[in-house]
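# Remarks on the overall topology
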Amino acid sequence: MNKKQELLNISNLQVSVNQKEIIKGLNLSINKGEVHAIMGKNGSGKSTLAKVISGHPLYKITGGTIYFKNEDITNQEPDIRSHKGIFLGFQYPVEVPGVSNIDFLRLAYNSKRKQMSLNEVDPLTFFNIVSQSIEDINMDMTFLDRNLNEGFSGGEKKKNEILQMSLLNSDLCILDEIDSGLDVDALKDIAETVNKLRSSQNTIILITHYQKLIEYMQPDYVHIMDNGIIKISGARDLALTIDDKGYEYIL
C-alpha cells in the first residue's frame, strides 16, 4: 500500500485584511491526489483562504505557516507559487478586452516552461497543444480567438478557468466557488470537466456553498469553516447533513 504524500500543510494560519483579522489560527493538511471541499457560511473565510494560499498581495499573514511540497511558501510572491504548481480558479474571472484568449494562454504556458528551464513553444505548436486540451474538456474552439472572458457567460468563464487548469497541469488546483452563478446543467458540465482532470498526481480544493457540487465531484474530505477556522472535518456525507439541517445545526 502506497504511503500518502503530504502536499500542503497549513499551521496556525492568521490573516488580516485592512487590519481586520479574517483567518484566526487555521490548520489544514492535504495529501497528493486528494480532493477536499471547504464549505461554510458567507464571511467564514473560505475565499480568503484560497487567495492566501495562492499569494494574493492584499492579504497580510500575521502568523502561522504554509508549506507546499515541504517548502515554506508563507511569504513567497504569487508568480513563484504558480510556477511551483499552485493554480487558483477565480470565482469572478476578469474580462480583458484587447487580449485574445489564445495569446493569454500561450503566455501563461510559456511562462511556466521558462521557469522549468524548458524552451518556449511557438504559436503553431501551442495551437496543437491547446486544441487537445479543448477537445478533452468539450470546449468550443472559437473561444481561442475571442478576447479573454469578454462577453463570456458565467459557465463559459468557468470553463475557460478549467482550460487554464488543464494546460498548466498544476499540482494543487484551488477552485473558488466554481459553481457560483451556474444553472444545474452548467454546474454538472463543469463538474464533469474537472473530474476528467483528476488524477493521483494532482490535488484539488473546492470552495463551495452547495451540496450539488459535492454530489457531482465526490471529494475525499469535507471541511466546514466558521469564523476564520476549520471547525469540523469529515467525509462527503457531512455536506448532506448541512444541506438537510443547515450550518447552525452542524456547528
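Quick caveat: nothing in here was measured; it's all calculated off a predicted structure.

Time to look at helix H5 (residues 154-168). Compared with the 21 Å implied by 1.5 Å per residue over 15 residues, the 22 Å span of H5 between its first and last C-alpha is a close match. Burial runs high along H5: 13 of the 15 residues are buried. Asn-169 sits one or two residues past H5 and shows a positive phi near 50 degrees.

We now examine helix H1 (residues 46-54). A large share of H1 lies buried, amounting to nine of its nine residues. Those residues of H1 lying buried are Lys-46, Ser-47, Thr-48, Leu-49, Ala-50, Lys-51, Val-52, Ile-53 and Ser-54. Just beyond H1, the residue with positive phi is Gly-55, at close to 95 degrees.

In this structure, the largest pocket occupies an estimated 660 Å³ of space. When residues of the lining of the largest pocket are traced back to their parent elements, those giving at least two are helix H2 (78-84), strand S6 (86-89), helix H3 (101-115) and H5. Here the lining of the largest pocket gets five residues from one element, more than from any other, and that element is H2. For the lining of the largest pocket, the per-class residue count stands at 11 nonpolar, nine polar and four charged.

Here is what the cut-offs are and how they apply
- Residues numbered from 1 in each chain as written.
- Predicted model: local features only at pLDDT ≥ 70, side-chain atom pairs only at ≥ 80, totals over all residues.
- Heavy atoms only, no water.
- Helix = DSSP H or I, 4+ residues; strand = E, 2+ residues; numbered from the N terminus.
- Expected span 1.5 Å × (residues − 1).
- Buried < 20%, exposed > 50% of the residue type's maximum accessible area, 1.4 Å probe, protein only.
- 1 Å grid on protein atoms, 1.4 Å probe; cavity = no way out; pocket = protein on both sides within 12 Å on 5 of 7 lines; lining within 4 Å.
- Points joined across faces, edges and corners; volume = space filled by probe spheres on them.
- Nonpolar A, V, L, I, M, F, W, Y, C, P; charged D, E, K, R; others polar.

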